[in-house]
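In case you want the letters, here they are:
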Amino acid sequence: MKVLVTEKIDGRGIELMRKRGLQVDEKLNLERNELLDIIGNYDALIVRSATKVDRELLDSAAKMKVVGRAGNGMDNIDVKYAVEKKIECINAPDSNSIAAAEHTIALLLAVCRNLPKGDSTLRDGLWERNRLMGVELYDKTVGIVGLGRIGKMVAARLQAFGMRTVAYDPFIPELDMARLNVKKVDTIDELMKICDFITVHMPKTKDTLGLIGEEELKLAKKDLRIVNCARGGLVDENALYKALVEGRIAGAGLDVFVDEPCTGNPLLTLDNVVATPHLGASTKEAQVKAGIMTAEKIAAILLGEEEMTGTR
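Residues numbered from 1 in each chain as written. Predicted model: local features only at pLDDT ≥ 70, side-chain atom pairs only at ≥ 80, totals over all residues. Heavy atoms only, no water.

Student: I'm lost on the sheet that holds strand β3 (residues 44-47) in this one. Help?
Tutor: Strand pairing within a sheet occurs via backbone hydrogen bonds; the two strands may be parallel or antiparallel. With parallel pairing, five strands are arranged side by side in an open sheet as β2-β1-β3-β4-β5. Sheet topology places β2 (23-26) and β5 (88-91) at the edges, where each strand pairs with a single neighbour. Here the strands of the sheet are splayed against their neighbours by 20 degrees on average, with no regard to which way each runs. Note: strand β1 (residues 2-5) against β3, three bridges, orientation parallel. What sits directly across from Val 3, in β3, is Ala 44. Where helix α1 (residues 11-19) meets the sheet, it contacts β1, β2 and β3, and its direction lies at approximately 150 degrees from that of β2. (Pairing = 2+ DSSP bridges. Helix = DSSP H or I, 4+ residues; strand = E, 2+ residues; numbered from the N terminus. Axes fitted to C-alpha atoms, helices over the stretch in contact; angles between N-to-C directions. Contact = heavy atoms within 4.5 Å.)

Student: Mind showing me how you'd approach the side chain of Thr 104 here?
Tutor: Mapped onto the elements of the fold, Thr 104 is located in helix α5 (residues 97-113). A distance of 2.9 Å separates the side chain of Thr 104 from the backbone oxygen of Ala 100, its partner in a polar contact. Among residues more than four places away in sequence, those in contact with Thr 104 are Val 154, Thr 199, His 201, Val 227 and Cys 229. (Polar contact = N/O pair within 3.5 Å; in protein donor to acceptor, adjacent residues only side chain to side chain.)

Student: Whenever I open this one, the pairing of β2 confuses me. Can you help?
Tutor: Two faces, one strand: in a regular strand the side chains alternate between the faces of the sheet. Here β1 pairs with β2 via four bridges, running parallel. Paired with Leu 4 across the strands is Asp 25, a residue of β2. Handedness of the β1-α1-β2 crossover: right-handed. (Right-handed = clockwise from strand over helix to strand, strands pointing away.)

Student: Explain the pattern of salt bridges to me, please; I cannot follow it from the model alone.
Tutor: Side chains that differ in sign of charge can pair as their charged atoms come close. Applying the stated criterion to the full structure yields 20 salt bridges. Glu 305 is the salt-bridge partner of Arg 20, the closest N and O atoms lying 2.3 Å from each other. In this pair, Arg 20 sits in the loop between α1 and β2 while Glu 305 sits in the segment after α12 (284-302), placing the two residues 285 residues apart along the sequence. Residue Arg 20 is classed as partly exposed on the basis of its relative accessible area of 34%. The residue Lys 206 makes a salt bridge to Asp 207 at a minimum N-O spacing of 3.6 Å. (Salt bridge = Lys/Arg side-chain N within 4 Å of Asp/Glu carboxyl O. Buried < 20%, exposed > 50% of the residue type's maximum accessible area, 1.4 Å probe, protein only.)

Student: Whenever I open this one, empty space enclosed by the protein confuses me. Can you help?
Tutor: Space left empty within the atom packing is revealed by a probe, the size of a water molecule, rolled over the atoms. As enumerated under the stated definition, the model contains one cavity of 30 Å³ or more in all. Taken as a whole, the largest cavity spans an internal volume of roughly 40 Å³. What lines the largest cavity is simply Asn 228, Gly 232, Gly 233, Val 235, Glu 237, Leu 240, Leu 254, Val 256 and Leu 267. (1 Å grid on protein atoms, 1.4 Å probe; cavity = no way out; pocket = protein on both sides within 12 Å on 5 of 7 lines; lining within 4 Å. Points joined across faces, edges and corners; volume = space filled by probe spheres on them.)

Student: It is not clear to me how the sheet that holds strand β12 (residues 273-275) should be interpreted in this structure. Could you clarify?
Tutor: Read across the sheet, seven strands follow the order β8-β7-β6-β9-β10-β11-β12 without closing on themselves; strand pairing throughout is parallel. A strand with exactly one partner marks an edge of an open sheet, and here the two such strands are β8 (183-184) and β12. One ladder, built from three bridges, connects strand β11 (residues 251-254) with β12; its direction is parallel. What sits directly across from Ala 252, in β12, is Val 273. Strands in contact with helix α7 (residues 149-159) are β6 (141-145), β7 (164-168) and β9 (197-200); relative to β6, the strand with the most contacts, it is inclined by about 170 degrees.

Student: Got a minute to help me understand the packing of aromatic side chains in this structure?
Tutor: Each aromatic ring pair is summarised here by two numbers: the centre-to-centre distance and the angle between the ring planes. Scanning the model with the defined rule gives zero aromatic pairs in all. Across from the ring centre of Tyr 42, 4.9 Å away, lies the NZ or CZ of Lys 2, which sits over that ring. (Phe/Tyr/Trp six-rings, centres within 6.5 Å; stacked < 30°, edge-to-face > 60°. Lys NZ or Arg CZ within 6 Å of the ring centre and 35° of its normal.)

Student: Looking at this structure, I do not really get the pairing of strand β10 (residues 225-228). What am I missing?
Tutor: Side chains Arg 225 and Val 227 project from β10 onto one buried face, and the interleaved Ile 226 and Asn 228 project onto a second face that is buried too. Where β9 and β10 come together, four bridges link them in parallel fashion. Within the sheet, the bridge partner assigned to Val 200 lies in β10 and is Asn 228. Alignment of β10 against β11, held across four bridges, turns out to be parallel. Bridging from a neighbouring strand, Ile 226 pairs with Ala 252 of β11. With respect to chirality, the unit in which β10 leads through helix α11 (residues 237-245) into the neighbouring parallel β11 is right-handed.

Student: Any chance you could explain the environment of Ile 144 here in plain terms?
Tutor: Along the chain, the position of Ile 144 falls in strand β6. As for Ile 144 and Ala 61, which are separated by 83 residues in sequence, their C-alpha atoms are 40 Å apart. Not counting residues up to four positions away in its chain, the partners in contact with Ile 144 are Gly 151, Ala 155, Val 166, Ala 167, Tyr 168, Thr 199 and His 201.

Here is the structure:
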């Protein structure tokens, strides 16, 4: 059985598959045409975010049994078409949950306390304590959009700051939220009206794209600060830019964007935006877990130790 790895994963995952008897080829930074030419020789493919596993690639993958993404989500994989072709699609959703939750907290604090601006102006020889006045998290209300694995971790950590936690998630019952000391709200509109901070933790689907847009932002408190470490496009970028420029909300922390790399995004010109280049899963620990979890699943499927289910 042959496995193609097109993006860097931790070496322990590669070694695990080889010890299980799989032939693993690491071919990083392949040109698209090169990938299409060789993909038919492989039983499995492991990617991260950059490789687009679309219809064209899947049609060229004559022997393919499984595609694995070493990370959370499968936005770059045409899962529906893969399943039609009886190709299993797997990922490692638990690998980066802690990293993403901690990065959310880091961005939120950076926005509240003007950390990037404080650092850059001090390095420029300025001492701007009065201009860089911040706000506290304590005794404020944070709204969590999506109370899955990462959302729950964020809630627990922000409760430790003395924050009131509310959440919008139509799939989580009110009683389950109450057990986490989180108050359930039934609509995004309600969330926008009552929160001082909002953080987004939903997958990107046709239903969640633009979930927070111009109409929702019109309902926000003027001192709202919003963080998105989930997927680009869940918060409408044009509407967010407009709300920030017009002073209708106070700030934003962004780790994800509709188009990446996003070096020309107008949001990056604003002083009240703190941005990072999709670093949510970029910890040493998360990378190790993603590589090992993905490798274990790939080996189990190829060696017939797990029944194929379509996606997992």
